[in-house]
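# What the coordinates show
One letter stands for each residue in the lines below.
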Amino acid sequence: MRKPIIAGNWKMNKTPDEAMALIGELKPLVADAKAEVVVCPPYACLAAAAQALAGSNIGLGAQNMDYHDSGAYTGEVSADMLKALGVEYVIIGHSERRQYYAETDATVNLKVKKALATGLVPILCVGEMLEEREQGITAEIVRMQTKLALLDVSAADVAKVVIAYEPVWAIGTGKTATSDDANDTIKTIRQAVRELYGDKAEEVRIQYGGSMNPKNVGELMAMSDIDGGLIGGASLKAEDFSKVVNY
Ligand code: PGA
């Protein structure tokens, strides 16, 4: 029922020329994908990427945005600007932004609402840190992050939101949650959405992210509640990313 969505988060990698080259390699490799495919290059590559992606089955995403309309916010990029570049998706609340750039549950919520109001699909990231997992509060953390991010999001809009469950200790470390663990936490997230929106929760796609790669994608995607992946490291090489996409 829920169409799987696999998104590549390139983080701070690739120049515009490199982005065009990677997309050029990727296009034929994922042309027959059954999943929805998205790449999220850095801001500086978005215009070049939009051009390179034209006519393909790959959607374009950004890695962040500001929640204000416009104005004196040096260094920031608005939702309207992204939209004008042909961007369709935007990662919001990635743990690297929460950790290094003071992103909070409140700013994440403002950004989710702004993205929806602008017609961008938010890819909302939630996930526990290692010490939270060790303290046994993974469920509390992801429930809280999910509910706060969705504050004042309408029932009509919630099905458009994609949630990425990314245990912070699994990002870029080569450590993945076991597929059972990931599936259980994703069920916990879906239950939190259900408490707010009832059966609409069944329509919300929830990805797993954190060292997902060609080797472990099959097992993760076979789980009942995992609807796709947010891929960092393995999205930087066309061959690896295409193997994940064509799991
Ligand atoms: P990773 O990153 O696949 O390199 O672990 C995932 C992410 O941060 O979205």
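Keep in mind the model is a prediction, meaning the values are calculated, not measured.

Another aspect to go through is the site of the ligand. Around the ligand there are 13 residues in total, and K11, H94, E166, G172 and S211 lie nearest to it. Contacts to the ligand include K11, whose side-chain N or O atom sits 2.7 Å from an oxygen atom. E166 is positioned with one of its side-chain polar atoms (N or O) 2.7 Å from an oxygen atom of the ligand. Expressed as a share of its isolated accessible area of 280 Å², the protein-covered part of the ligand is 95%.

Further remarks concern unusual backbone geometry. In this model, K11 sits at a positive phi of 55°, which is unusual for a non-glycine residue. For S211, which is not glycine, the phi torsion reads 55° and is therefore positive. By secondary structure assignment, the location of S211 is in the loop between β7 (205–209) and α10 (217–221). Given the relative accessible area of 17%, S211 is considered buried.

Right, let's get into the sheet that holds strand β3 (residues 58–62). The strand order around the closed barrel built from eight strands is β1-β2-β3-β4-β5-β6-β7-β8, with neighbouring strands paired in parallel fashion. Adjacent strand axes in the sheet meet at a mean angle of 25° when their direction is disregarded. Strand direction decides the pairing type here: strand β4 (residues 89–92) and strand β5 (residues 121–126), joined by four bridges, are parallel. Bridge pairing in β5 places V90 opposite P122.

Calculation rules
Residues numbered from 1 in each chain as written. Predicted model: local features only at pLDDT ≥ 70, side-chain atom pairs only at ≥ 80, totals over all residues. Heavy atoms only, no water. Near = heavy atom within 4 Å. Polar contact = N/O pair within 3.5 Å; in protein donor to acceptor, adjacent residues only side chain to side chain. Areas by Shrake-Rupley, 256 points an atom, 1.4 Å probe, with all protein chains shown as cover. Helix = DSSP H or I, 4+ residues; strand = E, 2+ residues; numbered from the N terminus. Buried < 20%, exposed > 50% of the residue type's maximum accessible area, 1.4 Å probe, protein only. Pairing = 2+ DSSP bridges. Axes fitted to C-alpha atoms, helices over the stretch in contact; angles between N-to-C directions.

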